[in-house]
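Listed below are the residues making up each chain.
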Amino acid sequence: MLGFGDYLLVSVILFFVGAIGVIFRRNLIYILMSLEIMLNSINITLIGLARYSRDTNPQVLILFILVVAAVEVAVGLGIAINLMRVKGTVDVDLFKSLKG
Amino acid sequence: MKVIFYVNAFFSLVFALGVLFGKNPLRSALSLLLFFISISLYFFFAGSDYLGFVQIIVYAGGIIVLIAFVIIILGLRRESPDFDISLRSFVGIILLALFALGVLYGMGKSILHFVPQSPYFDTSVAGIGDAIFSRYLLPFEVASILLLVGVVLAFIFAKKEV
Amino acid sequence: MNAHILLPEIILSITAALVLIIEFLTPRRLQFIGTVTILGILLALFYDLSMFRNAGIGFYGMVKVGPFDRMFDLIFFIGAILLILLSFDYFVEISGEFYFFLITSLIGMMLLAKSSDLFMLFLSLETLSFSLLGLIGILKRKEFVAEATLKYFVLAAFSSAFFLFGIILTYVIFQTTNISEISNKLFAAGLTGIKPGIIVTLVLLTVGLAFKIAAIPFHMWTPDVYEGAPAPVVAFLSAGPKAAGFAIILKTLLSGYQAHPEIWKGIVTYLAVFTMFWGNLAALKTRNLKRMLAYSTIAHAGYVLVAIVSVNQEAYAAIVFYMLSYTFMVFGAFAIISMIGDSHSNLEDYAGLSRTSPLLAFMMAIFMISMTGIPTTSGFISKFYVFMSAAKTNHIWLVIFGFINGAISAYYYLRVVVYMYMMDAREEHAVPYFPFLRSVMWIAVIFIFYLGLFPQKVFEIIVSTL
C-alpha cells in the first residue's frame, strides 16, 4: 500500500541529489538545473501531503513554488549571460574568495 | 500501484543523476526535461491532473526551452567536466547525506499520526482557484511582485548596455 | 480581509510601478527618480506611523501586524532613505531600476516582518533576495560585481531551498503553515511523538535564516559580496535585510515555538558563540576595510543572537535597539568608504587620513569606536542592553564570551584609527566634496551620539510596542 512515507522518501532522496549537484558542479548552468531538481523534489512531498491529508492548499503552494522556480531560472540565466560577457566563463567557485 | 510509483521514482532518480553527471549541457537539459515529466507523473498519481499539466507546460514548455536557448547562446558545447573534486565538496556531500538520513529518521518518527484534514480532496481547477483567491490572496500578490522583480532583473542582467 | 493594514506596502508597490514608468519615459535621471522614490517612502512612512498603534490580522491570517513590527519598518525605512542619499553621489551612470529594486526590497522586508504564515514568509524572503540581487549587481560590468552577484544568487537560492523544505516539513507535521496555529497546537498537544521531526525542520529553517543574517555556517557569501558590491549597497545589506532576518527569527522561533523554547535554544546558542568568535577572529587578519566590516557584521549578528537566546521582552527590545544603532554606524562608515573610493579600501589607503582630511578621519574614528562599543556611543549602549538581557536570564557564559569578543574586536577596529592618525600616507590625494555622502555621515554621527547619550527614551518607546 502506497503511503505518505513513500512520497517523502523519494522527495528527500531527490532533494539530496539536487543539493549535491549545487556543491559538486562548477558550471552555473548545471547549478541552476540542480536547483530546479531541489525545488521540484519539494513538490513531491507537497503532493503527497495533499493526497494523504486531503487538503487542497498544498496544491496552491506547488503553483507558488513553480513561480519561484521560474524566476530563479530566468534570473540565473541572465546572470550567466552577464558573466559570460564579463569573464568569458560561467564557472563558479563558491568556496573560494574573490582573491586570496 | 506501489510498483508503478517506485518505477517512476527510479526513473526520476536516473534523470536527476543524468543532469548531475552530464558532460554535454544540452544533453543534461534533455535529462532535466525527462525529470520534469516524471515529476508530473507523481501529480497524476495523486489525482491532481491540473498540476500535472501545468508542470509539463511550464517546466517542459517554458523553463527547459529557456535553459536550452541560453546554452546555445553561450555556446556551451562539450566542455571538460567541471566537477569540484576537493576535500571540501566531499565533506559537503557527507554532511548532506547525514542530513538526508536525519530528515528521513526524524520525519519517519513524526508522521505516524497523520490525520486527514477534510473528507474530500479537491483537485479541480475551481478548488485550487478558490484557495488562491481567498486564503492565498496575499501570497498571490507577492508572487506577482516577485515575478515583476524577476523580469526586470533578467532584463537588467541580460541586456547589452550597462 | 482588513486590507488597510498593509497600506504602506500598497503605496510602495504603486511607487515601484511609477519608478519603472518614469525610467521608461525619461531614462537615467537619477536624482528625479530618487526624489520620487523618497517621496513614496515618506508617504508610506507617514501612513505607517499614523497606524502605529493599530494591531490587526489581515488577509486570512497571512499577516499579523503589531506596533513591534512597525518598529522594524522604521529601521527599513531609515536604511532605504540613507541608501538613496548615498546613491546620489556614489553612482554616476546607472539605470533607474536601481530604485525599483530598492522599493521592492523594502516591500519584501516589511512583509517579512509582518507575515504570520511560513509560506508567506518564504515568498517575501524570495522577493527580498532577488531585489537585493538587483541592488548588488547594478554595476554588472565590473568583474568583482559580476562575481559577487553570482555568489549571492547561488547561495541565496541554495539556502532558500532548504528554508522552503523546512517550511514544507513543518506543514507536514502541523498540517498548517500559520505561525499562531502552530503555536496553539504546540501548547495544546505538546511535543510527544513529533520532537524528532520538529528538530529536523528547525535545523532546515535555521539554514535559511542563518544565510540572511550572515551567521555560521552560511556566512561565506558575506566577505566576497561585501568586497565586490558597491559600498552604499553593502551598508544597506548589513542594515535592512539583517534586521529582517532577525524579525523572521522572532516570528518563527519565538512566537511559533514559544511553548517549547528549549528545542531551539541549543541550536541558536551554538550559532551565537561560533558566529561571534569566527567573525571577530577572521576580521583580525584582513587588511581590506570593506572585508573587515563584512567579518564584523558576522560578529554583530552573533551578538544579536545572544539576545535571542535570552527569551524575554527586554531582549526583543534590545534587538531592535541594536539594529537601529547598527544601521547608523554602518551607514556612517560606508559613507566615508564611498568618499575615499571602493577600490581604495585597503588599510594603507587610510594611512595619514587625519592630515589630508581631518574631519573624515575624526568621523571614521567615531564610527569605529562606536562599533567597538566604547561608552558615550550607541554601540556601547546597544551591546549593554543585549548582554544585560543575557545576564538577567543567567546566560553568564554568553556574557563572558561577549566580553572576550569585544576585546578582540577592539584590536581591528582601533587599528583603523591607528592607521589614520599615526601612519604616514604613501601618496596624498584630496578627497572631493560630496554633499549627500557628507549629509549621511552627519546624520549617522548625530544619531550615534543621541542613542548613546539619551538611550532611555528610545528604549522605552521600543519596550512599549511589545
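Positions within a chain are numbered from 1, following the residues in the order the chain's sequence is written. Lettering of chains starts at A and numbering of ligands starts at 1, both following the order in which they are written. Only residues with pLDDT of at least 70 get local features here, since the model is predicted, and only at 80 or more are side-chain atom pairs given and counted; chain-wide, interface and lining totals rely on the full set of residues. To get the side-chain values, all heavy atoms of the structure are used, and hydrogens and water are removed first.

What follows deals with the confidence of the model for chain C. pLDDT is a per-residue confidence score from the predictor, ranging from 0 to 100. In this model, chain C carries a mean pLDDT of 89, and residues with pLDDT of at least 70 account for 100%. For this predicted complex, the interface confidence score (ipTM) comes to 0.95, while the overall pTM stands at 0.94.

Here we take up the environment of Ala-318 of chain C. Residue and element names in this part refer to chain C. As for its position among the elements, Ala-318 is in helix α13 (residues 313-340). Only protein chains enter the accessibility calculation, which uses a 1.4 Å probe. A residue is then buried if its area is under 20% of the maximum for its type, exposed if over 50%, and partly exposed in between. Here Ala-318 falls in the buried class, since its relative accessible area comes to 0%. Along the chain, Ala-318 and Ile-462 lie 144 residues apart, while their C-alpha atoms are 8.6 Å from each other. Per the convention used, a helix needs a DSSP run of H or I reaching at least four residues, while a strand needs a run of E reaching at least two, with both numbered from the N terminus.

This paragraph deals with the interface of chain B and chain A. Tallying the contact residues gives 84 residues for chain B and 69 residues for chain A. In total, chain B and chain A occlude about 7000 Å² of area from one another, counting both sides; carbon and sulfur atoms represent 77% of this. Across the pair Lys-2 of chain B and Asp-6 of chain A runs a salt bridge whose closest N-O atoms are separated by 3.9 Å. For this analysis, a polar contact is any N or O atom pair within 3.5 Å, provided that within protein one partner can donate a hydrogen and the other can accept it, and provided that sequence-adjacent residues contribute only side-chain to side-chain pairs. Applying the counting rule to chain B against chain A returns nine residue pairs in polar contact (both at pLDDT 80 or more). Within the residue set of the side of chain B that touches chain A, elements represented by two or more residues are α1 (2-20), α2 (25-45), α3 (49-74), α4 (87-110), α5 (125-133) and α6 (137-158) of chain B. Any two residues whose heavy atoms approach within 4.5 Å are treated as being in contact. Two parts lose some accessible area (1.4 Å probe) when they are put together, and adding that loss for both gives the buried area. A pair is scored as a salt bridge if a Lys or Arg side-chain nitrogen falls within 4 Å of a carboxyl oxygen belonging to Asp or Glu.

Okay, the side chain of Ser-409 of chain C next. With respect to the helices and strands, the residue Ser-409 of chain C is situated in helix α17 (residues 396-422). When near neighbours in sequence (up to four residues on either side) are disregarded, Ser-409 of chain C contacts Asn-280, Tyr-303 and Thr-372 of chain C.

This part covers α13 of chain C. Residue and element names in this part refer to chain C. Between the first and last C-alpha of α13 there are 41 Å, a value that for 28 residues agrees with the 40 Å anticipated at 1.5 Å per step. Burial within α13 is extensive, with 26 of its 28 residues counted as buried. Looking one or two residues past α13, Gly-341 carries a phi angle of roughly 115 degrees, positive in sign. Expected span, for any helix, means 1.5 Å times one less than how many residues it has.

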